[in-house]
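What follows is the residue order along each chain.
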Amino acid sequence: MQRPPIVSLQAWEATRRELLVKEKSQMRAHDALAAERRRMPWMAVEQAYAFEGPKGRASLLDLFEGRRQLVVYRAFFEPGVFGWPDHACRGCSLGADQVAHLAHLNARDTTLVYASRAPQADIARLKAKMGWDMPWYTITDSFDADFGVDEWHGHNVFLRDGEQVFRTYFINNRGDEAMGTTWSYLDLTPLGRQEVWEDSPEGYPQTPTYKWWNWHDNYTAEASPDPKWVSVSDAGEAAFRKLETSGKA
C-alpha cells in the first residue's frame, strides 16, 4: 500500500480544514435535498394491500401502528434467495444489522417495518437467530411489484392522513447503503426530523432542536423534555454555533 505524505500537526490541521469546508458544503446540500424531498408531491394509495404479521392479517394502514409516517423496507428472504432458509439475502442482512433503536424513530411519529415473502414462522426464526427486533411482515399480494421492489430491495415511504395512505418517496440501489440511522430514515420522510432548523413547508410539525432526544427506554415515561436536558442541550448548541461561526467546526 502506498502511504500518503507524513506531515506535521499544523500541516495536518490545515488539510483537515480544507476538507471540512467541502464536508460542510456536502452536509448543507444534503439538508437542501431533504427539504426538497419534503415538498415532493404525494401519490394516493388506492389499493387495499394485505400482509401477514405476528398477530395475523394486517393492512398497509395497520403497518403504521397508529403513527403518522411509515418506512417499508423490502428485504429478500424467501425460497430462491441465496441463503434460504437459514439466512436472508446478505445485503439485506447487512442492512438489518445497521438498524438503530426504533424507539427514536417512533418518538418522531414514524414506524419502520421490513417486508418479505417468507412465511411468518421463518421470519420469526430468522429474527431470533440474528438478533433483529424490527416488525417484519409477509407480503401476500402485488405490493412488491406495485412499489418497485419485486426484483430488488428498496425503501418506500408513506404518510397517512386518517384512513388515507399516501406514498411520498422511494429509494433503492446504492441509496439503501447508508440507511439504518434514525436520521437517514427521517430525512426520507415528508415530515423530516421535525426540528425547528429544518426548511419545511408552513404548518409542518417542528420542535426545538435536541429537546426531544431521550434514552430509548424513557420516551414513554417522560412526556416533556427534562429541564436539565434542556439546559445541557442549549449550552451544547450555543457552543457548537460559536465554533461554526468561527469556522472551526
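Presented here is an overview of the structure given in this document.

Some remarks on the layout of surface pockets
Approximately 420 Å³ is the volume attributed to the largest pocket. Forming the walls of the largest pocket are 14 residues, and the residues nearest its centre are Met 27, Asp 31, Arg 193, Trp 197 and Phe 240. Secondary-structure elements contributing two or more residues to the lining of the largest pocket are helix H1 (9-37) and helix H8 (227-246). Counting residues per element, the lining of the largest pocket draws most heavily on H1, at 4 residues.

With respect to the sheet that holds strand S3 (residues 56-59)
Taken in spatial order, the 8 strands make up an open sheet running S1-S8-S7-S4-S5-S6-S2-S3, and their pairing is mixed. Each of the sheet's edge strands pairs with one partner strand only, and the pair in question is strand S1 (43-44) and S3. Relative to strand S8 (residues 164-172), strand S7 (residues 154-161) runs antiparallel, the two sharing 8 bridges. Each bridged residue has a counterpart across the sheet, and for Val 157 the counterpart in S8 is Tyr 169.

With respect to the pairing of strand S2 (residues 50-53)
In this sheet, S3 lies alongside S2 in antiparallel orientation, the contact comprising 4 bridges. Across the sheet, Phe 51 pairs through a bridge with Ala 58, a residue of S3. Turn length for the S2-S3 hairpin, with the two strands adjacent in sequence and antiparallel, is 2 residues. Note: S2 against strand S6 (residues 136-139), 2 bridges, orientation antiparallel. Across the sheet, residue Phe 51 finds its bridge partner in S6, namely Ile 139.

Brief notes about the environment of Ala 121
Tracing the chain through its elements places Ala 121 in helix H5 (residues 120-130). Taking the C-alpha atoms as reference points, Ala 121 and His 153, 32 residues apart in sequence, are found 22 Å from one another.

Looking at the nonpolar core
Phe 77, Val 99, Leu 112, Tyr 114, Met 134, Trp 136 and Tyr 185 are the most contacted members of the largest nonpolar core, which has 26 residues in total. Of all elements in the fold, only strand S4 (69-74), helix H3 (90-97), helix H4 (102-107), strand S5 (110-116), H5 and helix H7 (182-186) reach the threshold of two or more residues within this core. Excluding residues within four positions of it along the chain, Tyr 114 makes contact with Tyr 73, Ala 75, Cys 92, Gly 95, Ala 96, Val 99, Met 134, Pro 135, Trp 136 and Tyr 137. Ala 58, Phe 64, Val 113 and Ile 139 belong to the second-largest nonpolar core, a separate cluster that totals 17 residues.

Some points on the environment of Ile 139
Relative to the helices and strands, Ile 139 resides in strand S6. The sequence separation of Ile 139 and Tyr 49 amounts to 90 residues, and the corresponding C-alpha distance is 8.7 Å. Contact partners of Ile 139, with chain neighbours within four places excluded, come to Phe 51, Arg 74, Ala 115, Ser 116, Arg 117 and Asp 144.

A short note on unusual backbone geometry
Looking along the chain, the bond that leaves Trp 84 and enters Pro 85 is cis, with omega of 0°. The backbone of Asp 109 shows a phi angle near 60°, a positive value even though the residue is not glycine. Looking at the secondary structure, you find Asp 109 in the loop between H4 and S5. Overall, Asp 109 belongs to the partly exposed group, its relative accessible area being 29%. Residue Asn 173 is not a glycine yet carries a positive backbone phi of 55°. Its place among the elements puts Asn 173 in the loop between S8 and H7.

A look at the environment of Thr 220
Here Thr 220 lies in the loop between H7 and H8. With 206 residues separating them along the chain, Thr 220 and Ala 14 place their C-alpha atoms 46 Å apart.

Structural notes on the packing of aromatic side chains
Within this structure, the stated rule accounts for 15 aromatic pairs. The interplanar angle of 35° and the centroid separation of 4.8 Å between the aromatic rings of Phe 143 and Phe 147 together place this pair among those described as tilted. For Phe 143, a relative accessible area of 1% gives the class buried. Here the aromatic cluster, defined as three or more aromatic residues joined through ring pairs, consists of Tyr 49, Phe 51, Tyr 137, Phe 143, Phe 147 and Phe 158. If you follow Arg 37 out to its NZ or CZ, it ends over the ring of Tyr 169, 4.8 Å from the centre. Stacked on the ring of Phe 76, the Lys or Arg Arg 74 has its end atom at 3.8 Å from the ring centre.

Definitions and cut-offs
Residues numbered from 1 in each chain as written. Predicted model: local features only at pLDDT ≥ 70, side-chain atom pairs only at ≥ 80, totals over all residues. Heavy atoms only, no water. 1 Å grid on protein atoms, 1.4 Å probe; cavity = no way out; pocket = protein on both sides within 12 Å on 5 of 7 lines; lining within 4 Å. Points joined across faces, edges and corners; volume = space filled by probe spheres on them. Helix = DSSP H or I, 4+ residues; strand = E, 2+ residues; numbered from the N terminus. Pairing = 2+ DSSP bridges. Core = buried A, V, L, I, M, F, W, Y, C linked by side-chain atoms within 4.5 Å. Buried < 20%, exposed > 50% of the residue type's maximum accessible area, 1.4 Å probe, protein only. Contact = heavy atoms within 4.5 Å. Phe/Tyr/Trp six-rings, centres within 6.5 Å; stacked < 30°, edge-to-face > 60°. Lys NZ or Arg CZ within 6 Å of the ring centre and 35° of its normal.

These values are about where atoms sit, not about what they do.
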